[in-house]
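Residue-level structure breakdown
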Amino acid sequence: MFQFLSRLIDDPDPVIIIPFGGYANNDKIFGQARVLEDEGITHEEDDGFLKNLYNSYKRFESDEKEGVVVTVTANELKTSLTSDAEGYVYLDEA
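Here's a quick rundown of the structure. All figures in this text were calculated on a predicted structure; none of them were measured in a lab.

What follows deals with the overall build of the protein chain. Within the protein chain, the regular secondary structure consists of two helices and five strands. When the helices and strands of the protein chain are placed in sequence order, the string is α-β-β-α-β-β-β. Counting the 94 residues in the protein chain, one finds 20% classified as buried. A fraction of 35% describes how many contacts in the protein chain between residues 6 or more apart in sequence connect residues 24 or more apart. Of the accessible surface of the protein chain, which amounts to about 7,300 Å², a share of 53% is contributed by carbon and sulfur atoms.

Here's what the structure looks like:
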């Protein structure tokens, strides 16, 4: 329902790219990342129980972004990757 309303008012949510895992050596580079909607979670020292509970829910409920083009640049390598249905992108270059 929220996605429908968001599209109706043409207000795209910002995205965040979260890199994780990966390695590189002289012959190969491998990396992974996930493209998600940025939930805008903030934390203050005086946050109460309800605010912390709400932020916990926002952390567990992720909105993956499919079809987002991510450009990776490393030394002379420049490649574009497209996120899958779960928001993952994989870099595997030899």
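Scanning the model with the defined rule gives four salt bridges in all. Across the pair Asp92 and Lys28 runs a salt bridge whose closest N-O atoms are separated by 3.1 Å. With Asp92 in strand β5 (residues 88-93) and Lys28 in the loop between β1 (15-24) and β2 (29-37), this residue pair connects regions lying 64 residues apart in the sequence. Under the relative-accessibility criterion, Asp92 is labelled partly exposed at 46%. We note a salt bridge from Glu86 to Arg34, for which the minimum N-O separation is 3.7 Å. Separated by 52 residues along the polypeptide, Glu86 in the loop between β4 (77-82) and β5 and Arg34 in strand β2 bring together distant segments of the chain.

Consecutive side chains along a regular strand alternate between the two faces of the sheet. Bridging between β1 and β2 involves nine bridges; their strand directions are antiparallel. Considered in β2, the bridge of Phe20 is made with Gln32. Hairpin geometry of β1 and β2 is characterised by an intervening segment of four residues between the two adjacent antiparallel strands. As defined by bridge partners, β2 adjoins β5 across six bridges and the pair is classed as antiparallel. Looking at β5, one finds that Gln32 is bridged to Tyr90.

Definitions and cut-offs
Residues numbered from 1 in each chain as written. Predicted model: local features only at pLDDT ≥ 70, side-chain atom pairs only at ≥ 80, totals over all residues. Heavy atoms only, no water. Helix = DSSP H or I, 4+ residues; strand = E, 2+ residues; numbered from the N terminus. Buried < 20%, exposed > 50% of the residue type's maximum accessible area, 1.4 Å probe, protein only. Contact = heavy atoms within 4.5 Å. Areas by Shrake-Rupley, 256 points an atom, 1.4 Å probe, with all protein chains shown as cover. Salt bridge = Lys/Arg side-chain N within 4 Å of Asp/Glu carboxyl O. Pairing = 2+ DSSP bridges.

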